[in-house]
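# Residue-level structure breakdown
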Amino acid sequence: MTPPTTSGNRGLLQAEPLIFETGHATGAGVDLPEPKGAPTKLNGLTRKAALDLPGLSEPETMRHFVRLSQKNYAIDLGLFPLGSCTMKHNPRLNERAARFEGFADLHPLQPVATVQGALELMDELAHWLCTLTGMPAVALSPKAGAHGEFCGMLAIKAALEARGEGRRKRVLVPSSAHGTNPATAAAAGFTVDEIPARDDGRVHLDDVKAKLGPDVAAIMITNPNTCGLFEPEIRRIADAIHEAGAYFYCDGANYNAIVGKVRPGDLGVDAMHINLHKTFSTPHGGGGPGAGPTVLSAALAPFAPVPHIVLRGRTRELREHAHGTQAFGRMCAFHGQMGMFTRALAYMLSHGSDGLRQVAEDAVLNANYLLARLKPHFSAPFGERPCMHEVLLDDSSIKPKGVETIDMAKALLDEGYHPFTTYFPLVVHGAMLIEPTETEPKRELDRFAEVMIALAGRVNAGEVEFFKQAPKLTPMRRLDDTRAARQPKLRWRRGDNSAGARQAAE
Amino acid sequence: MRYLPLTDADREQMLAVIGVKTVDDLFVDVPNAALLKSLVDLPRAQGELEVHRRLQRLAEKNTPAGRTAFFLGAGAYRHHVPASVDHLIQRSEFLTAYTPYQPEIAQGTLQALYEFQSQVAQLLDVEIANASMYDGSTACAEAAMMAARVTKRKKIVFSGGVHPHYVDTARTACEAQGLEIVALPAAIDDEAAVAKELSADVAAVVVQSPNLFGTVTDLTQIGEAARGAGALMVATFTECVAFGLIEPAGAYGADIVCGEGQSIGNALNFGGPYVGLFGVREKYIRQMPGRVAGETIDADGKRGFVLTLSTREQHIRREKATSNICTNSGLCQLAWTIHMTLLGEKGLRQLATLNHEKAIELADALAKVKGVEVLTERFFNEIAVKLPKPAQEVVDTLAARGVIAGVAMSRLNPRAGMDDVLIACATEMNTDEDIAAYAKALQEALQ
Amino acid sequence: MTTRYTKDHEWVRLDGDIATVGITQYAAEQLGDVVYAELPEPGRSFKQGDDMAVVESAKTASDVYAPVSGEIVEVNAEIKNENWQIINDGPEADGWFVKLKLADKTELDALMDEAAYADYVKGL
């Protein structure tokens, strides 16, 4: 540990207490006109509960949040190879376009005559999504990937009920699936039947057929799957599902590997959400907001949730109520994540059909290049065949030497990288899932590969303590998750012991 | 392509290292029939200038709120957001970070989450708040489902004052799980009617204050009645600025307080992205949906923050998770926290008071127009008015004259039988001239 | 007293017709530091193999299944009082979860004895 400083700062890295420890109730960073002091129309229901919200002047606010920001890793800082998350470059043109007054300063309930450009933008986005995926319809309103899954599964439920087959309650989910898939199926009122993993990381037609029956509503498959592999039997699985009277939900989280190369509609997909914040590069923002438009097959399209955009002559109108239609309902107030639509469309227009195809090819090329470079030094369980846009390693080459996947991840922090996804998918032991994306130049891949190979060398040299002590160079050392969970402290309260503040400043 | 760094020479070299001839050799697992042989039928790549121009033209086909006299709320509100907020959320380290799964290199996001949770808890007067939901409507739906888990009951009663989009969103989500939604008929000022529906099978009553029509309600008795019946009181809201002036639902003993946070820090954005606020009693924390940040220490004993209680969540609990939610509303939540930090208690109280005074001026001005009746008695910044004509007609007429008068109830709920009711809102953005222009245009439209 | 083990890493120890149930040392080690456990209410009945309790570390949650059928007659008060450490310190002793009034003694026959369980764990 480097010697402590008097200020608590370390060079460019500033120690920063909570706003509650520096601000006070009379501070403010805004100048508002004085109220006139008119009598209220509240009949005594004015606030009696204490507010006790700290205020900071603008310079203090700037410093507080800039200081906090400097404790974050970000894609603009370096490679962010977090598998399943598609951390690619976020073009700034998209940010500018989303802030055009004509988009950002529009209220969702303005008369439709005043928002024709916004509806046209949504229609154009829908056209791109439908054309790219080879699907006839899209519901734009889901607000994130899991919300899109929910939309797709509710459309399936509505279609089954319309057929008089609401008794179909079982949904097949491979054990390699994202946790959102079984959680969504359960949220939509289905039961989950897991398809066990096979040694080759793929879903097998025989295993699916063995599970089929008159009570099966759907299968939820991620393709390319979470092991970074394209499912070779996908078309035949889709046919078997359809023959059994069920629907095929495709988790589109990994669509980045095939955009412009393969249309999910050609694979027999009935519903698929598209994470605009992955494939179409709307920024992740430290955890959101996302957007999860869901493309639907002809069989499911009639059940798409409101709102629908309806073209009458040259005017676009909004159908906002499910009553009297087959729509299964409503996913949220208003029309979805307009701010994300604008960014995603800007991204699509910029790339075009040729650029999007290049996105998929470069994403897959970058991943296979990393696979080729890392394979001699790590265990790549499915490494004999090409991968798609992600490289999956397991811990079998490091664990016998006493180093775990988590230790490898923490050592990468000291090397200045955000680690890969750890311990997912669950179907291999100690998974390390690496997704470089297409926006990494070759020299960054080489630099990362060399760091990984050097770490493998340290594992082989038996430097276990080096890994267990990592990270040492980050703003914080390893944090105690057990302490956080055993006595949850989820907010500041007045009278809190300020020991924490003193520690933070130390 | 300006966003793709690989050169053709790089690609050649990389293919050689991999040991294949072409990139299509890497797509061997794709059935040949499904691999597209040509480009999809969409335009080719364009430069930044061309894309900028194209989107600018689409934007210009809209009438931005700020170019009108603007009085529309009903779930989304136009407020002034300080310039520093947008600057800060566009910092790369916030904008292009992921969910803080590696806390050692994500303390910025995590501390901001903790500050957000603390501010939300203070504002709503609740014990605990989560790290945000997608928006107010989905937060309300999650609250209804959570109440069913807590009470192990299946019926949820919505007051006639809850925003119809919120009811519809909750209905869609809840009915999928076999829960029953009872939505009471639209009522300007009768949140208390939900208490009459309480019975041994009711999981929760959902009320809204200020409600769709702007009415502010004392929720004490509803809360007591719910507790007496073993049900939860869920209180929702669409305008969080109100709680700088009015008593928040937490103070009335609501078990779950949830709603829309867009008013603070976030633009109208034609409906999204927004930020859902969600607060609960501490004893229900393990039934709470969504992420939450908590305090801990690092290996050197320094205070830090991590995502915690994650065993409730889908990535661990899969089909037994409390919700399928994964994403929160990260940047919108950050914008909320920054704006709230700039306001502080003093600024928020002032802002809320200004809103209330503007709404009183609006109500007074509209009440003077012949044939117009203000229906809402106790309000914050939103009112329902009764017109002598179908409200949608009046909204369209006034829009053509540069006045966005509000929203017709018939648009939000065509079956409410309130076609002559208009919902209008005033904020600190409205000038005296705006209000005068509105009254004048309305008077002329009704002549 | 006989102790029997399940493939899901519960142990069950019989004293008269009262079966004490907990998770094994192996399970506790795999789980890591326990941060939460949810125990059933006394009076509830379970069939062999039913979800009976949940035990969580910071990063994982495991269902605990009823190793035998029966009615809950007692739960570990220490765990109810959020003394989670007791589960890590003595999973097969003071860190027991519940006591069941055994419904069918023959169910025990299908479970592993100590030696068989030790072999089973070795093979994992």
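Residues numbered from 1 in each chain as written. Chains lettered and ligands numbered in written order. Predicted model: local features only at pLDDT ≥ 70, side-chain atom pairs only at ≥ 80, totals over all residues.

## Digging into the overall build of chain A
Going by this rule: Helix and strand assignments follow DSSP, with helices taken as H or I runs no shorter than four residues and strands as E runs no shorter than two, numbered in order from the N terminus. Just to be clear, the radius of gyration here is over C-alpha atoms, and the globule rule we use is 2.2 Å times residues to the power 0.38. Between the buried cut of 20 or more and the exposed cut of 12 or fewer other C-beta atoms within 10 Å of a residue's own C-beta lies the partly exposed class, and all C-beta atoms are placed from the backbone. The contact criterion used is a C-beta to C-beta distance within 7 Å, with each C-beta placed from the backbone.
From N to C terminus, chain A includes 15 helices and 12 strands. Expected size for 506 residues packed as a compact globule is a radius of gyration near 23 Å; at 26 Å, chain A falls within 12% of this value. With 506 residues in all, chain A has 59% of them scored as buried. When contacts within chain A are restricted to residue pairs at least 6 apart in sequence, long-range pairs at least 24 apart make up 73% of them.

## Digging into the overall build of chain B
When its secondary structure is counted, chain B shows 13 helices and 15 strands. Whereas a compact globule of 447 residues would reach a radius of gyration of roughly 22 Å, chain B reaches 25 Å, a difference of no more than 12%. Along the three orthogonal principal directions, the C-alpha set of chain B runs to about 80 × 50 × 50 Å. Looking at chain B as a whole, 65% of its 447 residues qualify as buried. Restricting to contacts in chain B with at least 6 residues of sequence separation, those with at least 24 account for 72%.

## Side note on helix α10 (residues 338-374) of chain A
Residues and elements named next belong to chain A. Inclusion rule: To estimate the expected span of a helix, count its residues, drop one, and scale the result by 1.5 Å. A residue's bend is given by the angle between axes fitted to the 7 residues ending at it and the 7 residues starting at it.
Here α10 is 37 residues long, yet its end C-alpha atoms lie only 41 Å apart, well below the 54 Å a rise of 1.5 Å per residue gives. By the largest-angle criterion, Gly 352 marks the main kink of α10, which is about 95°. Burial within α10 is extensive, with 36 of its 37 residues counted as buried.

## Notes on the sheet that holds strand β2 (residues 170-174) of chain A
All names here are of chain A. Quick note on the threshold: Two strands are said to pair when DSSP picks up at least two bridges between them. Only the contacting stretch of a helix is used when fitting its axis, a line to C-alpha atoms as for every element, and angles between N-to-C directions run 0 to 180 degrees.
Taken in spatial order, the seven strands make up an open sheet running β1-β7-β6-β5-β4-β2-β3, and their pairing is mixed. The two strands at the open ends of the sheet, each matched to only one other strand, are β1 (137-139) and β3 (191-195). Adjacent strand axes in the sheet meet at a mean angle of 25° when their direction is disregarded. Of the pairings in the sheet, the one linking strand β6 (residues 271-273) to strand β7 (residues 294-296) comprises three bridges and is antiparallel in character.

## Regarding the nonpolar core
Put simply, the test is: By convention in this section, buried Ala, Val, Leu, Ile, Met, Phe, Trp, Tyr and Cys residues joined through C-beta atoms within 7 Å make up a nonpolar core.
If you look at the biggest cluster of nonpolar residues, it comprises 359 residues, and the most contacted ones within it are Ala155(A), Ala144(B), Ala147(B) and Val234(B). No other element matches α10(A), which puts 21 residues into this core. If we ignore the near neighbours within four places in the chain, the residues touching Ala147(B) are Ile156(B), Ala203(B), Ala204(B), Leu232(B), Val234(B) and Ile256(B).

## Description of the sheet that holds strand β7 (residues 61-65) of chain C
All names here are of chain C. A sheet is described by the order of its strands in space; here three strands give the open sequence β4-β6-β7, paired in antiparallel fashion. Edge strands, defined here as strands with exactly one partner in the open sheet, are β4 (34-38) and β7. For this sheet, the mean angle separating the axes of adjacent strands, direction not counted, is 20°. For β4 and strand β6 (residues 51-57), the ladder comprises four bridges, and the chain directions are antiparallel.

## Points about the domain arrangement of chain A
All names here are of chain A. Heads up, the condition is: Those domain boundaries reflect an automatic or database domain assignment. Gly is put with the polar residues, along with every residue not named as nonpolar or charged; the nonpolar set is Ala, Val, Leu, Ile, Met, Phe, Trp, Tyr, Cys and Pro, and the charged set is Asp, Glu, Lys and Arg.
Assigned domains of chain A: these are domain 1 (93-348) and domain 2 (353-479). Taking only C-alpha atoms, the centre of domain 1 and the centre of domain 2 are 30 Å apart. Residue-level contacts link 20 residues of domain 1 with 19 residues of domain 2. Across the side of domain 1 that touches domain 2, the residue classes tally to 10 nonpolar, eight polar and two charged.

## Observations regarding the environment of Ser141(A)
Residues and elements named next belong to chain A. Mapping Ser 141 onto the fold places it in the loop between β1 and α6 (145-162). Judged by C-beta crowding, with 29 C-beta atoms within 10 Å, Ser 141 ranks as buried. A sequence separation of 13 residues divides Ser 141 from Trp 128, and the C-alpha atoms of the two residues are 16 Å apart. Residues contacting Ser 141, with those up to four places away along its chain left out, are Pro 305, Pro 307, Met 331, Cys 332, His 335 and Gly 336.

## Here's the deal with the environment of Gly27(A)
The topology assignment puts Gly27(A) in the loop between α1 (19-22) and α2 (58-69). Taking the C-alpha atoms as reference points, Gly27(A) and Leu53(A), 26 residues apart in sequence, are found 9.5 Å from one another. Aside from chain neighbours lying at most four places away, what touches Gly27(A) is Pro54(A), Gly55(A), Leu56(A), Ser57(A) and Gly344(B).

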